[in-house]
Amino acid sequence: MNEQENQLYEELRENAKMCDELMNKIYYKELPPKELKLEYKNLKNSCKNRLSQIKKIGKPNNVHQIVFDTFTSSYEEAMAWGFTEPTNGNLERMISALEEASYKFTKHIDQY
């Protein structure tokens, strides 16, 4: 894998890490509920916007198709199966949604 492909996979790992960190903040009630919901909303929207950007721009020239497909499908699965709780929803269910998103971001790249 080249450097750009590694960067794509690192982006997925970083998203999973952000999901995990927010899960912990919610679980340990590190912030007021309103702030936790705002962080959830910001993360969800950031990932949604990035997926939209990925689809518009398309595959970079020096990235293999299979790597790009893995990258985009990870984002698509995270958005479809994770982040299912509305941004004004239940904090406990947000933990489950974030856990699923975290898993979807990394399930295809664990071997790399």
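All values reported here derive from a predicted model rather than from experimental measurement.

**Some words on the overall build of the protein chain**
Here's step 1: In terms of helices and strands, the protein chain carries four helices and zero strands.
Here's step 2: Going from the N terminus to the C terminus, the protein chain shows its helices and strands as α-α-α-α.
Here's step 3: Against the compact-globule benchmark of 13 Å for 112 residues, the protein chain has a radius of gyration of 14 Å, which places it among compact chains.
Here's step 4: The principal-axis extent of the C-alpha atoms belonging to the protein chain is close to 45 × 25 × 20 Å.
Here's step 5: Looking at the 112 residues of the protein chain, the share that counts as buried comes to 38%.
Here's step 6: Counting only contacts in the protein chain whose residues sit at least 6 apart along the sequence, the fraction spanning at least 24 positions is 72%.
Here's step 7: A distance of 7 Å separates the average location of the 16 positive side-chain charges in the protein chain from that of its 18 negative side-chain charges.

**Examining a negative patch on the surface**
Here's step 1: Residues Glu14, Asp20, Glu21 and Glu99 make up a contiguous surface patch of negative charge.
Here's step 2: By residue number, the principal contributor to the negative patch is helix H1 (residues 3-27), which donates three residues.
Here's step 3: A relative accessible area of 41% places glutamate 21 in the partly exposed class.

**What to know about the packing of helix H2 (residues 33-57) against helix H3 (residues 65-81)**
Here's step 1: One way to put it is that H2 packs onto H3 with a least axis distance of 10 Å and a crossing angle of 145°. The handedness of the crossing between H2 and H3 is left-handed. Within the contact between the two elements, H2 uses Lys44, Cys47, Lys48, Arg50, Leu51, Ile54 and Lys55 and H3 uses Phe68, Phe71, Thr72, Tyr75, Glu76 and Met79.
Here's step 2: Partitioned by chemical class, the residues of the contact of H2 with H3 number seven nonpolar, one polar and five charged.

**Some points on the packing of H1 against H2**
Here's step 1: Across the interface, H1 lies against H2 with an axial gap of 10 Å and an inter-helix angle of 165°. One way to sum up the angle between H1 and H2 is to call them roughly antiparallel. By crossing handedness, the relation of H1 to H2 is classed as left-handed. The residues of H2 that touch H1, namely those facing Glu11, Asn15, Met18, Cys19, Leu22, Lys25 and Ile26, are Leu36, Glu39, Tyr40, Leu43, Cys47 and Arg50.

**Overview of the packing of aromatic side chains**
Here's step 1: Here the structure, examined in full by the defined rule, presents four aromatic pairs.
Here's step 2: Taking 6.0 Å as the distance between ring centres and 50° as the angle between the ring planes, the aromatic pair formed by tyrosine 40 and phenylalanine 83 counts as tilted. Of the two residues, tyrosine 40 sits in helix H2 while phenylalanine 83 sits in the loop between H3 and helix H4 (91-106), which places them 43 residues apart along the sequence. Each member of the pair tyrosine 40 and phenylalanine 83 is classed as buried.
Here's step 3: Ring centres of phenylalanine 71 and tyrosine 75 lie 5.3 Å apart, and the angle between their planes is 70°; this geometry places the pair in the edge-to-face category. Here the residue phenylalanine 71 and the residue tyrosine 75 both occupy positions in helix H3, the gap between them amounting to four residues, near one helical turn.
Here's step 4: Following the ring pairs from residue to residue traces out a cluster consisting of Phe71, Tyr75 and Phe105.

So, how was this worked out
- Residues numbered from 1 in each chain as written.
- Predicted model: local features only at pLDDT ≥ 70, side-chain atom pairs only at ≥ 80, totals over all residues.
- Heavy atoms only, no water.
- Helix = DSSP H or I, 4+ residues; strand = E, 2+ residues; numbered from the N terminus.
- Rg over C-alpha atoms; globule rule 2.2 N^0.38 Å.
- Buried < 20%, exposed > 50% of the residue type's maximum accessible area, 1.4 Å probe, protein only.
- Contact = heavy atoms within 4.5 Å.
- Lys, Arg positive; Asp, Glu negative; His and termini not counted.
- Charge placed at Lys NZ, Arg CZ, Asp CG, Glu CD.
- Patch = residues over 30% accessible without salt bridge, like charges linked within 9 Å, V, L, I, M, F, W, Y side chains within 5 Å.
- Areas by Shrake-Rupley, 256 points an atom, 1.4 Å probe, with all protein chains shown as cover.
- Salt bridge = Lys/Arg side-chain N within 4 Å of Asp/Glu carboxyl O.
- Axes fitted to C-alpha atoms, helices over the stretch in contact; angles between N-to-C directions.
- Left-handed = near helix turned anticlockwise from the far one by under 90°.
- Nonpolar A, V, L, I, M, F, W, Y, C, P; charged D, E, K, R; others polar.
- Parallel < 35°, antiparallel > 145°, perpendicular 65-115°, else oblique.
- Phe/Tyr/Trp six-rings, centres within 6.5 Å; stacked < 30°, edge-to-face > 60°.

Coordinates in, geometry out; function isn't part of it.
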